[in-house]
Amino acid sequence: MNATPEKPAAAKKAVTKKAAAKKAVTKKTTAKKTATKKAAKTAPAKAPAKKAAARKPESRVAMVRRARRINRELAELYPYAHPELDFTNPFELLVATVLSAQTTDLRVNQTTPQLFAVCPTPEDMAAMPPEKLEELIRPTGFFRAKTRSLLGLSAALRDRFGGEVPGRLEDLVTLPGVGRKTANVVLGNAFGVPGITVDTHFGRLARRFGWTTAEDAEKVEADVAEIFPKSEWTMLSHRVVFHGRRVCHSRKPACGACAIAPLCPSYGEGETDPEKARKLLKYELGGQPGQRLKPPADYPGQPAPPMAPPVAAS
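This structure is a prediction, so every number in the text was calculated from the model and none was measured.

This part is about the overall build of the protein chain. For the protein chain, the count of helices and strands is 14 helices and zero strands. Going residue by residue from the N terminus, the α and β elements of the protein chain occur as α-α-α-α-α-α-α-α-α-α-α-α-α-α. The buried share of the protein chain, taken over its 314 residues, is 40%. For the protein chain, restricting intrachain contacts to residue pairs at least 6 apart in sequence, the fraction spanning at least 24 positions comes to 59%. Only carbon and sulfur atoms are counted for the fraction: they give 57% of the accessible area of the protein chain, which is about 18,700 Å².

Proteins that are soluble and globular tend to have nonpolar side chains buried together. Among the nonpolar cores identified, the biggest contains 37 residues, and Phe 202, Trp 211, Val 224 and Phe 228 are the most heavily contacted of them. Secondary structure elements with two or more residues in this core: α3 (60-77), α11 (200-208), α12 (217-225) and α13 (233-246). Contacts of Phe 228, omitting those with residues within four sequence positions, involve Ala 67, Arg 68, Asn 71, Trp 211, Trp 233 and Leu 236. Ranked by size, the runner-up nonpolar core spans 32 residues in total, among them Leu 93, Leu 115, Leu 150 and Val 165.

A word on the side chain of Asp 105. Mapped onto the elements of the fold, Asp 105 is located in helix α5 (residues 105-118). By relative accessible area, which is 8% here, Asp 105 ends up buried.

Quick look at the pattern of salt bridges now. All chains considered together, the criterion is met by 18 salt bridges. Of the charged contacts, one joins Arg 66 and Glu 58 as a salt bridge, the two residues approaching to 2.8 Å between their closest N and O atoms. Between Arg 278 and Glu 275 there is a salt bridge; the shortest N-O distance is 2.3 Å. Note that Arg 278 and Glu 275 are positioned in helix α14 (residues 274-278) at a spacing of three residues, about one turn of the helix. By relative accessible area, Arg 278 is classed as partly exposed at 43%. Ionic contacts of the salt-bridge type, sharing partners, join the residues Glu 84, Asp 105, Arg 245, Arg 246 and Glu 284 into one network.

When pLDDT is low, close inspection of the predicted coordinates is not appropriate. When pLDDT is averaged along the protein chain, the result is 87, and 81% of the positions lie at 70 or above. Across residues 1-12 the pLDDT falls below 50, and counting only partners more than four positions away or on other chains, this stretch makes zero contacts in the model. Low pLDDT, under 50, characterises residues 27-53; the predicted model gives this stretch zero contacts beyond four residues in sequence or across chains.

Bringing unusual backbone geometry into the picture now. Positioned with a positive phi, Gln 102 is a non-glycine residue whose angle comes to about 60°. Structurally, Gln 102 is set in the loop between α4 (90-99) and α5. Take Gln 102: its relative accessible area is 68%, and that puts it in the exposed class. Even without a glycine there, the phi angle at Tyr 283 is positive, about 55°. Relative to the assigned elements, Tyr 283 resides in the segment after α14.

Before going further, it helps to spend a moment on the packing of α3 against α13. Packing of α3 against α13 brings their axes to within 10 Å, and their N-to-C directions diverge by 70°. As far as their axial angle goes, α13 and α3 are roughly perpendicular. Across from Asn 71, Leu 74, Ala 75 and Leu 77 in α3, the residues of α13 making contact are Leu 236, Arg 239, Val 240 and His 243. In terms of residue class, the contact of α3 with α13 is built from five nonpolar, two polar and one charged.

Enumeration according to the criterion identifies six aromatic pairs in this entry. Arranged with centres 5.8 Å apart and planes meeting at 75°, the rings of Tyr 80 and Tyr 299 form a pair that is edge-to-face. Residue Tyr 80 is found in the loop between α3 and α4, and its partner Tyr 299 is found in the segment after α14; the two are separated by 219 residues along the sequence. Tyr 299 gets classed as buried once you look at its relative accessible area, which sits at 8%. A centroid spacing of 5.0 Å and a plane angle of 65° characterise the contact between Trp 211 and Phe 228, whose relative ring orientation is edge-to-face.

Let us now look at the environment of Leu 293. Residue position: Leu 293 is located in the segment after α14. For the pair Leu 293 and Pro 305, spaced 12 residues apart in sequence, the C-alpha to C-alpha distance is 6.2 Å. Beyond its immediate stretch of four places on either side in the chain, Leu 293 contacts Asp 86, Asn 109, Gln 110, Pro 303, Ala 304, Pro 305 and Pro 306.

The contact between α5 and helix α7 (residues 130-137) brings their axes to 9 Å, and the two run at 150°. Comparing their axes, α7 and α5 come out roughly antiparallel. For the pair α5 and α7, contact is made by Thr 111, Gln 114, Leu 115 and Val 118 and by Leu 133, Leu 136 and Ile 137, respectively. Residues of the contact of α5 with α7, tallied by class, amount to five nonpolar, two polar and no charged.

Take the state of the cysteines next. All chains considered together, the criterion is met by zero disulfides. Of all cysteine sulfurs, the one in Cys 248 lies closest to Cys 255, which takes part in no disulfide; the gap is 6.6 Å.

Cut-offs used in this document
- Residues numbered from 1 in each chain as written.
- Predicted model: local features only at pLDDT ≥ 70, side-chain atom pairs only at ≥ 80, totals over all residues.
- Heavy atoms only, no water.
- Helix = DSSP H or I, 4+ residues; strand = E, 2+ residues; numbered from the N terminus.
- Buried < 20%, exposed > 50% of the residue type's maximum accessible area, 1.4 Å probe, protein only.
- Contact = heavy atoms within 4.5 Å.
- Areas by Shrake-Rupley, 256 points an atom, 1.4 Å probe, with all protein chains shown as cover.
- Core = buried A, V, L, I, M, F, W, Y, C linked by side-chain atoms within 4.5 Å.
- Salt bridge = Lys/Arg side-chain N within 4 Å of Asp/Glu carboxyl O.
- pLDDT = per-residue confidence, 0-100.
- Axes fitted to C-alpha atoms, helices over the stretch in contact; angles between N-to-C directions.
- Parallel < 35°, antiparallel > 145°, perpendicular 65-115°, else oblique.
- Nonpolar A, V, L, I, M, F, W, Y, C, P; charged D, E, K, R; others polar.
- Phe/Tyr/Trp six-rings, centres within 6.5 Å; stacked < 30°, edge-to-face > 60°.
- Disulfide = S-S within 2.5 Å.

As structure tokens, then:
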């Protein structure tokens, strides 16, 4: 048998070198894949695409059903919803509502006891010297403009309505400083006439809930009125405003602590972490006093404190 001739030394050396190079490339590729997998595990997850982008268009019927379900859920959440202004008669409610512009209901409630002690009737208020009335309502802000409105509406009630607050929207809006919002507050809560009160809270939530896209208060009122039966208008207003003040805030909604989050197309605009969201809750939901000094008997929170007396100058 013929012996197999040996490979020249140079050829053998070349084969060994080639094998080593191939092994190095394989090792480098494997290391690169391992590093890539490791980086993928440790890198922060990409933010999910916004649900709104993938959300299917909602039919009118579906929106109405969802809106009415939101109202039912809010009714369960706030069975004690009420107007958050202290009053004992239509005139007090009318005055308090005028004063509530550009301030909190709490500040109004802390101001009106002294005001109504001095002028409990339209006749009394109409006869009040402007500078005296200004001092009484100064804590509510914009006191000069509000003084003109209060003097004007009090004189109108005295001269045109026999000292009584009228129970018709057409009459109420003729009074100085009284628009549809104020008129609906008075009608719904002093006369039992259904009305939708579109303040900043109501308008904001109506848009977030997808009930309207309008910014104008009267258009919002008209859009919402088409969704709900008239019998629900007044209590719907209270529930939505309650939710806006306590949970669905303007700048940072407490989405993670919201009972109607599954029904809200705007979920995610605010804080979604449950623990962090709970810290954003206000008034009785946050364990804090409410806005009324004399809340209804079924209110589960604490009454608001009266206004602190002025600090005497030293």
